[in-house]
Amino acid sequence: MGTIVVVGLGPGDADLITRKAQKALTGARRIFVRTAQHASIAVLHELHLNYVDFDAEYQRADDFTQLGAHIAQTLRDSAQDGDIVYAVPGQGMLGDETVRALLDGQTPVELIPGVDEGVSLLPAGAPTRCLAGGAYTTLPSMALTGLRPIRTLPLLITQLDSALEAAQAKLWLTQFYGDEQRALYGVGGSFREIALYELDRQRDYGYQALVLVPPIEPDDSRYDFYDLVDILARLRAPGGCPWDREQTHETLKDCLLEETYEVHEAIDDADMDSLCDELGDVLLQVVFHAQIGREHAAFDADDVTDAVSRKMIRRHPHIFAGK
């Protein structure tokens, strides 16, 4: 079994390919590239290096997770009789579904990171003002599944290679920002403002296409589970709410029972608005106990969700086979 050497090609400027990456490419016995539709591939042509790309598979794919697993298996099979190089756009180590599928322990993998795409893809005009302070999140479009954005930071999604990738990115983004959130869509340094629902209605997708979503204040966003976790942590922190800081598992146990009875009543009344509200109150009690558990180094909200998820998977082996 050979080693799969993963090389990050950087943001699309051939001059930004690292010396170590170029050395790995020139010394490779066989080269695979995730896509040939990337400016850095010009370097392979200049060096007269042959390669195999997966562009045809991308054009046929409708599920990038399955595609990532398929490409990873193809690479493993190819490495059975010696080392190979696998070149991917961007930084290479983070966020690439195919690389993530390789990092499962089955095959030796060496990682040669490329230059981070980040602000190297942005012009010096208006979009960079969204990145004031230097803190932002960069993700390639194919790596969004299962992740959650930090909405108080700017979010840069790169590699919108096709309408399909743009559509999947839109579905992911609108969960957290809403359909009407304004964003900047750009290709090759030219930007225009769009609403997120328009992300899959553009006409110029490609390896340089990206969308920049500005940070939003919590008061302007749709709160989620982790917002509630943060709210409880703030209420329990020094300088927080005196009543909340005094509570213990013991003092709260009757509150959970009372809120559960109110859920029962809302169901009996077929009052869906009330049911939604009362379920929130029950969830509040769960998160409250989880925060107290965290402060005593016993457990936290992630431990609670992990435990119940494992329990449900364990109880339904016919549905979650292989988990």
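One structure accompanies this document, and this report is about it. This one's a predicted model, so the numbers in the text were calculated from it and none came from an experiment.

1. Some remarks on the overall build of the chain
What the chain contains, in helices and strands, is 12 helices and 10 strands. Here the chain holds 323 residues, and 40% of them are scored as buried. Taking as baseline every contact in the chain between residues at least 6 positions apart, the subset at least 24 positions apart corresponds to 63%. Taken as a whole, the chain presents about 17,600 Å² of accessible surface, with 52% of it coming from carbon and sulfur.

2. Notes on the packing of aromatic side chains
Aromatic rings in a pair are described by how distant their centres are and how their planes are angled relative to each other. Evaluation of the coordinates by the stated rule reveals 6 aromatic pairs. Consider the rings of F54 and Y86, whose centres lie 6.3 Å apart with planes at 80 degrees: the pair is edge-to-face. Residue F54 is found in the loop between β3 (52-53) and α3 (55-60), and its partner Y86 is found in strand β4 (residues 84-88); the two are separated by 32 residues along the sequence. According to the relative accessible area criterion, Y86 is buried, its value standing at 0%.

3. So, the sheet that holds strand β7 (residues 155-158)
The mixed open sheet is built from 5 strands, whose spatial order is β6-β7-β10-β8-β9. Of all strands in the sheet, those with a lone pairing partner are β6 (137-140) and β9 (190-195), marking the two edges. The average angle at which neighbouring strand axes cross in this sheet is 25 degrees, direction not considered. The pairing of β7 with strand β10 (residues 210-213) spans 3 bridges and is classified as antiparallel. What sits directly across from L155, in β10, is V213. Along the sheet, helix α7 (residues 163-177) contacts β6, β7 and β10; its crossing angle with β7, the most-contacted strand, is approximately 170 degrees.

4. Focus: unusual backbone geometry
A positive phi angle is found at A270, which is not glycine, with a value near 55 degrees. Positionally, A270 belongs in the loop between α10 (249-268) and α11 (272-295). Even without being a glycine, A297 presents a positive backbone phi close to 55 degrees. Overall, A297 belongs to the exposed group, its relative accessible area being 71%.

5. Quick notes on the pattern of salt bridges
Following the criterion strictly, the structure yields 9 salt bridges and no others. For E295, the salt bridge is made with R236, and the minimal N-O distance between the two is 2.6 Å. In this pair, E295 sits in helix α11 while R236 sits in helix α8 (residues 225-236), placing the two residues 59 residues apart along the sequence. Overall, the relative accessible area of 37% leaves E295 in the partly exposed class. Since its relative accessible area comes to 8%, R236 is described here as buried. Put simply, K253 and E250 hold a salt bridge, and the shortest N to O gap is 3.2 Å. In this pair, K253 and E250 are both assigned in helix α10, 3 residues apart and thus about one turn of the helix distant. We classify E250 as exposed; its relative accessible area is 55%.

6. Section: the nonpolar core
Of all hydrophobic cores here, the largest spans 21 residues; its most connected members are L155, I157, L160, W172, L173, Y177 and L199. Breaking this core down by element, the ones donating at least two residues are β7, α7, β8 (182-187) and β10. With 6 residues, the top contributor of residues to this core is α7. Beyond its immediate stretch of four places on either side in the chain, I157 contacts L139, P140, S141, L144, W172, L173, A209, L210 and V211.

7. Regarding the environment of R222
Looking at where R222 falls in the secondary structure, it is placed in the loop between β10 and α8. Contact partners of R222, with chain neighbours within four places excluded, come to R151 and D227.

8. A closer look at the side chain of E278
In this structure, E278 sits in helix α11. Overall, E278 belongs to the buried group, its relative accessible area being 11%. Setting aside chain neighbours within four positions, we find E278 in contact with E259, E262 and V263.

9. Let's talk about the packing of α10 against α11
Closest axis-to-axis distance for the α10/α11 pair is 8 Å, and the angle between their directions is 160 degrees. Overall, the two elements α10 and α11 adopt an arrangement that is roughly antiparallel. Handedness of the crossing formed by α10 with α11: left-handed. Each of H249, L252, C255, L256, E259, T260, E262, V263, A266 and I267 in α10 lies in contact with α11, whose residues at this interface are S274, L275, E278, L279, D281, V282, Q285, F288, H289, I292 and G293.

The rules behind the values
Going along each chain's sequence as written, the residues are numbered from 1 onward. The model is predicted, so local features are restricted to residues of pLDDT at least 70 and side-chain atom pairs to those at 80 or more, both for listing and for counting; the totals for chains, interfaces and linings are taken over all residues. Heavy atoms throughout the structure, all of them, feed into the side-chain values; hydrogens and water do not. A run of H or I in DSSP counts as a helix once it spans at least four residues, and a run of E counts as a strand once it spans at least two, with each numbered from the N terminus. We call a residue buried when its accessible area falls under 20% of the maximum for its residue type, exposed when it is over 50%, and partly exposed in between, using a 1.4 Å probe and counting protein chains only. Contacts were defined at the residue level, with two residues in contact if any of their heavy atoms lie within 4.5 Å. Accessible surface is estimated by sampling points in the Shrake-Rupley manner with a 1.4 Å probe; for residues, cover comes only from the protein chains shown. Aromatic pairing here means that ring centres of Phe, Tyr or Trp (its six-membered ring) are within 6.5 Å. Orientation follows from the plane angle: under 30 degrees is stacked, over 60 is edge-to-face, and everything else is tilted. Following DSSP output, two strands are said to pair if at least two bridges run between them. For every element, the axis is a line fit to its C-alpha atoms; helices are fit only across the contacting stretch, and the angle between N-to-C directions ranges from 0 to 180 degrees. Salt bridge criterion: a side-chain nitrogen from Lys or Arg within 4 Å of a carboxyl oxygen from Asp or Glu. Put simply, a nonpolar core is a bunch of buried Ala, Val, Leu, Ile, Met, Phe, Trp, Tyr and Cys residues held in one set by side-chain atoms that sit within 4.5 Å of each other. In these notes the angle categories are as follows: under 35 degrees is roughly parallel, over 145 is roughly antiparallel, 65 to 115 is roughly perpendicular, and the rest is oblique. What makes a crossing left-handed is the near helix being turned counterclockwise from the far one by less than a right angle; a clockwise turn instead makes it right-handed.

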